[in-house]
Amino acid sequence: IEKKLNKELGRIFLMFLLLIVSMIVLIFVLIDRLVVKPIQKASEVAQLITKGDFSKKIDSKFITGNNNEISILSYSINEMADEIDLLTTGLKNEVDAQTNEIQLQNKSFIDLLSNLDQGFLIINSLGHITNEPTKKTQKILGLNPKNKNITDVLRLNKTEKKGFGKWLNHCFIGAIPFKDLIALSLKRLEGFEGKVINLEYKPIYGGSKRKKVEKIICIVNDITHEINLNKKMEYAKEKSEMILKLVEQPIEFLDIITELQRLLYEYGNSPKSFSMEQLF
């Protein structure tokens, strides 16, 4: 009886052990299927969402027919993905539209500048030219000035470079108003490849209070034709005034001519008898 009892107890213990193992396996499978896998899937989808990928969703089998925390979480993540995808798409379309509009405005602005009879250089605090030059700018300067220092583009000598650098530094420091520094700027280049170049400066303000100079626009204008035209006009004016004076006082003019002819005649006959002071 004792042996049978021990044997029966062993069988009962073994069955109990198998039952416990089976329950553990069953619980593990259920937890893995109902909890772990949905959470893993939700985590994967959430990571894709953070990277901007909304193509993956949590399977409907983790949502349909359930009313627990896992199904609610999965449903919420899918809803969130759809909402963010919709907002992102709308925002992207808005950004694309704004970008296209800005590019169109920039193109129109560049086209406008290209049609002006002036060159434009945008200078940063280091004196480097940052903008894309127009054809007129390149024609006036004879080169593409982008990413070059303005002192090199304007072909300043060592002393001029030093002075221009100090002026530029004061402009960006902002201790003195820009309008007061204009008087100290380089305004004209004489003999620049046979040209006369006029220079004007306009500030581009930035910062929180829009009072700090961030960049400077240098307007380059070839005024060679105007200078030559002014010289011709001045010469014509002087000539006209001289002729008018001759017309008004013809006798005095003839006396001067006669005296000059006499002086030249006497000097030709006896040049050593005249000093330079007398001739003058």
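The structure under discussion appears in the preceding block.
About the thresholds
Residues numbered from 1 in each chain as written. Predicted model: local features only at pLDDT ≥ 70, side-chain atom pairs only at ≥ 80, totals over all residues. Heavy atoms only, no water. Core = buried A, V, L, I, M, F, W, Y, C linked by side-chain atoms within 4.5 Å. Buried < 20%, exposed > 50% of the residue type's maximum accessible area, 1.4 Å probe, protein only. Helix = DSSP H or I, 4+ residues; strand = E, 2+ residues; numbered from the N terminus. Contact = heavy atoms within 4.5 Å. Pairing = 2+ DSSP bridges. Axes fitted to C-alpha atoms, helices over the stretch in contact; angles between N-to-C directions. Expected span 1.5 Å × (residues − 1). Arc of directions from axis to C-beta. Polar contact = N/O pair within 3.5 Å; in protein donor to acceptor, adjacent residues only side chain to side chain. Patch = residues over 30% accessible without salt bridge, like charges linked within 9 Å, V, L, I, M, F, W, Y side chains within 5 Å. Areas by Shrake-Rupley, 256 points an atom, 1.4 Å probe, with all protein chains shown as cover. Salt bridge = Lys/Arg side-chain N within 4 Å of Asp/Glu carboxyl O.

Would you explain the nonpolar core in this entry?
Among the nonpolar cores identified, the biggest contains 25 residues, and Leu141, Ile150, Leu199, Tyr201, Ile216, Cys218 and Val220 are the most heavily contacted of them. When contributions to this core are tallied by element, the ones reaching two or more residues are strand E1 (119–123), helix H3 (135–141), helix H4 (150–153), helix H5 (158–173), helix H6 (178–181), strand E2 (188–192), strand E3 (195–206) and strand E4 (212–222). Looking at this core, the element that brings in the most residues is H5, giving five residues. Setting aside chain neighbours within four positions, we find leucine 199 in contact with Leu154, Leu186, Lys187, Leu189, Cys218, Ile219 and Val220.

What is the right way to read the sheet that holds E3 from this model?
The strands making up a sheet are joined through hydrogen bonds of the backbone, oriented either antiparallel or parallel. The antiparallel open sheet is built from four strands, whose spatial order is E1-E4-E3-E2. Two strands close off the open sheet at either side, each with one partner strand: E1 and E2. Averaged over all pairs of adjacent strands, the angle between strand axes in this sheet comes to 25°, irrespective of strand direction. Direction of pairing for E1 relative to E4: antiparallel, over a ladder of five bridges. Pairing of phenylalanine 120 across the sheet is with isoleucine 219, part of E4. Strands E1, E3 and E4 of the sheet are contacted by H5, whose axis makes an angle of about 135° with E4.

Teacher, can you tell me more about the pairing of E2 here?
As paired elements, E2 and E3 share three bridges and run antiparallel to each other. Each residue of the ladder has a partner; that of phenylalanine 192, found in E3, is lysine 195. In sequence, E2 turns back onto E3 through a hairpin of two residues, with glutamate 193 there showing a positive phi of about 55°.

Even after reading the chapter, I still don't get the pairing of E3, so can you show me in this structure?
When E3 meets E4, the two strands line up antiparallel, connected through 10 bridges. Considered in E4, the bridge of leucine 199 is made with valine 220.

Explanation requested: H5 in the structure shown.
In an α-helix, one turn spans 3.6 residues; hence positions three or four apart end up facing the same way. With 16 residues, H5 should cover 22 Å at 1.5 Å per step; its first-to-last C-alpha distance of 23 Å lies within 8% of that length. Every buried residue of H5 is accounted for by Phe164, Trp167, Leu168, Cys171 and Phe172. Along the axis of H5, the buried residues cluster in a sector spanning 130°; they form a single face. In H5, the exposed residues that point more than 90 degrees away from the buried face are Lys158, Thr159, Lys162, Lys166 and Ile173. If you check the start of H5, you find a side-chain oxygen 3.2 Å away from the backbone N of threonine 159, and it comes from asparagine 157.

Please clarify how the side chain of asparagine 221 should be interpreted in this entry.
Assignment of secondary structure puts asparagine 221 in strand E4. If we ignore the near neighbours within four places in the chain, the residues touching asparagine 221 are Asp117, Gln118, Ile140, Val196, Ile197 and Asn198.

Would you mind going over unusual backbone geometry with me for this structure?
Backbone phi values are negative for most residues with the exception of glycine, while trans is the configuration of most peptide bonds. Notably, asparagine 147 is not glycine yet its phi reads approximately 70°, a positive angle. Topologically, asparagine 147 is positioned in the loop between H3 and H4. Here asparagine 147 falls in the exposed class, since its relative accessible area comes to 61%. Phi at glutamate 193 is positive, roughly 55°, even though this residue is not glycine. With respect to the helices, strands and loops of the structure, glutamate 193 is situated in the loop between E2 and E3.

Which parts of the structure should I look at to understand a nonpolar patch on the surface?
A surface patch of nonpolar side chains, amounting to about 790 Å² of accessible area, comprises Phe13, Leu14, Leu17, Leu18, Val21, Val25, Phe28 and Val29. Exposure remark for valine 25: the relative accessible area of 47% places this residue in the partly exposed category.

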